[in-house]
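Here's the letter readout for the chains.
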Amino acid sequence: MYPPKIGYVIPDSIEEATEFLEKHDDAKVLAGGHSIIPMLKLRIIRPSYLVEIRRLNNLHNISKSEEEISIGAITTHYEVFKSNIPLLSETASKIGDPQVRNMGTIGGSISQLDPSADYPATLMAMDAKVKIKGTKGERTELFKDFAKDMFTPDLNQGEIVTEIIVPNYSDYKYSYQKLERKAGDFAIVGVAVLLKVDGEIIKDARIGLTGVNNVAVRAVDAENMLKDNKITDELLEKVSNEVVKYANPVEDIRGSVEYKKKATKVMTKRALLEALKR
Ligand SMILES: Cc1cc2nc3c(=O)[nH]c(=O)nc-3n(C[C@H](O)[C@H](O)[C@H](O)COP(=O)(O)OP(=O)(O)OC[C@H]3O[C@@H](n4cnc5c(N)ncnc54)[C@H](O)[C@@H]3O)c2cc1C
């Protein structure tokens with residue numbers, strides 16, 4: 001309940017934040033605080049300083065073009081939900097509870113990289129990119145390379161995530177389906193689906209999974225089964241079975257390995273059917 005003693009820094013700019021972080025190798029960024037404060041309260045981490053980035057307004061913009069959408073790192077889950085971004089807004093609406101969504105940020109969520117977090121399934125399916133700034137400059141990389149392992153983002157000391165960039169899938173059907181024990185909980189399994197459909201034929205398919213691996217994955221073979229094929233019950237059944245091959249869950253309080261694999265199949269089918277209904 002009680003965090004350890006800690007210094008607190010309120011920088012005026014991203015440059016000031018990155019310089020401070022580089023000089024103090026155990027200092028940590030504070031964004032929405034809804035992962036880091038619980039960890040401090042349990043004393044799982046003991047950083048020397050928290051560097052608050054919540055007031056840096058140039059990390060707060062959403063800009064849209066026909067090709068892509070860029071989301072500032074400190075955009076809250078609630079703001080992402082309100083922004084009408086195909087698939088991503090629906091995903092944001094299912095994170096935690098209203099209080100969490102009012103504070104938690106997209107940059108914080110991907111920097112935390114909880115294996116059961118919701119955004120990663122969607123960002124993987126979307127081929128999202130992450131923009132990162134440090135004292136030596138800026139770089140952009142694919143989310144799939146950024147997400148190195150559970151709780152392990154590709155961030156060096158002194159670097160801050162500044163933007164998340166996703167292609168604009170405005171002509172796609174989509175659905176994010178989350179299985180949870182109760183409203184407000186992390187996912188047992190989450191399945192993100194994007195489908196481009198021409199009449200009865202699926203022209204493109206993207207499927208991301210969270211909760212059932214160390215990091216979110218794309219079910220590429222299952223996507224390929226859908227591409228250029230006619231939508232039938234048999235095809236959806238076959239694809240849902242194929243997606244299970246991408247699930248390597250661990251047994252925990254949310255269920256057994258067998259249960260989670262079955263749940264992956266059920267949620268995939270549900271996500272495909274919901275997307276096709278759109
Ligand atoms: C009750 C509860 C329920 C929740 N349920 C869900 C859920 O269902 N699904 C889900 O996905 N999440 C859930 N969460 C987590 C929530 O979404 C967090 O808000 C999110 O994981 C972290 O975002 P934050 O902005 O709060 O980050 P913080 O807690 O401020 O930071 C998290 C970590 O990321 C680092 N960091 C933050 N921002 C940056 C940045 N821009 N650049 C570099 N490093 C940065 C911090 O140093 C820290 O290590 C839940 C949290 C709570 C408390």
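Please read all numbers here as calculations on a predicted model, not as lab measurements.

**Student:** Any chance you could break down the layout of surface pockets for me, citing the residues and the numbers?
**Tutor:** Within this model, the largest pocket holds a volume of roughly 1300 Å³. Taken together, 48 residues make up the lining of the largest pocket; nearest its centre are Ser35, Ile36, Gly108, Ser111 and Gln112. Looking at the lining of the largest pocket, its residues break down into 22 nonpolar, 18 polar and 8 charged. Of the pockets and cavities examined, the second largest pocket occupies roughly 270 Å³. Lining the second largest pocket are 18 residues, with Pro115, Ser116, Gly211, Val250 and Asp252 sitting closest to its centre. Within the lining of the second largest pocket, the residues separate by chemical class into 9 nonpolar, 5 polar and 4 charged. Both domain 2 (57-167) and domain 3 (173-277) contribute no fewer than three residues apiece to the lining of the second largest pocket.

**Student:** Got a sec to walk through the sheet that holds strand β10 (residues 160-167)? Specific residues and values, please.
**Tutor:** Pairing is antiparallel in the open sheet, where 5 strands are placed in the order β4-β5-β10-β6-β7. In the strand order of this sheet, the two ends are held by β4 (62-64) and β7 (137-142), each with one partner. Ignoring strand direction, the axes of neighbouring strands in this sheet form an average angle of 20 degrees.

**Student:** How would you summarise the site of the ligand if you had to cite specific residues and measurements?
**Tutor:** By nearness alone, 30 residues border the ligand, and Val29, His34, Ile36, Thr105 and Asp118 come closest of all. Within the contact set of the ligand, an oxygen atom lies 2.8 Å away from a backbone nitrogen or oxygen of Ser35. Contact distances for the ligand include 2.9 Å between an oxygen atom and a backbone N or O atom of Gly96. Protein coverage of the free-state accessible area of the ligand, which is 970 Å², stands at 90%. Spatially, the ligand is embedded in the largest pocket. If one sorts the elements of the shell around the ligand by residue count, helix α6 (residues 106-112) sits on top with 4 residues.

**Student:** So what about the sheet that holds strand β1 (residues 7-9)? Which residues, and what values?
**Tutor:** Spatial strand order, β1-β3-β2: 3 strands in an open sheet with parallel pairing. The sheet is open, and its two borders are formed by β1 and β2 (28-30), each paired with just one other strand. The average undirected angle you get between the axes of adjacent strands in this sheet is 30 degrees. Looking at chain direction, β2 and strand β3 (residues 49-52) are connected through 3 bridges and run parallel. Within the sheet, the bridge partner assigned to Lys28 lies in β3 and is Leu50. With respect to the sheet, helix α1 (residues 14-23) is in contact with β1, β2 and β3, its orientation differing from that of β3 by roughly 165 degrees.

How each quantity is defined
Residues numbered from 1 in each chain as written. Predicted model: local features only at pLDDT ≥ 70, side-chain atom pairs only at ≥ 80, totals over all residues. Heavy atoms only, no water. 1 Å grid on protein atoms, 1.4 Å probe; cavity = no way out; pocket = protein on both sides within 12 Å on 5 of 7 lines; lining within 4 Å. Points joined across faces, edges and corners; volume = space filled by probe spheres on them. Nonpolar A, V, L, I, M, F, W, Y, C, P; charged D, E, K, R; others polar. Domains from an automatic or database assignment. Pairing = 2+ DSSP bridges. Helix = DSSP H or I, 4+ residues; strand = E, 2+ residues; numbered from the N terminus. Axes fitted to C-alpha atoms, helices over the stretch in contact; angles between N-to-C directions. Near = heavy atom within 4 Å. Polar contact = N/O pair within 3.5 Å; in protein donor to acceptor, adjacent residues only side chain to side chain. Areas by Shrake-Rupley, 256 points an atom, 1.4 Å probe, with all protein chains shown as cover. Sits in = over half its atoms within 2 Å of the grid points. Contact = heavy atoms within 4.5 Å.

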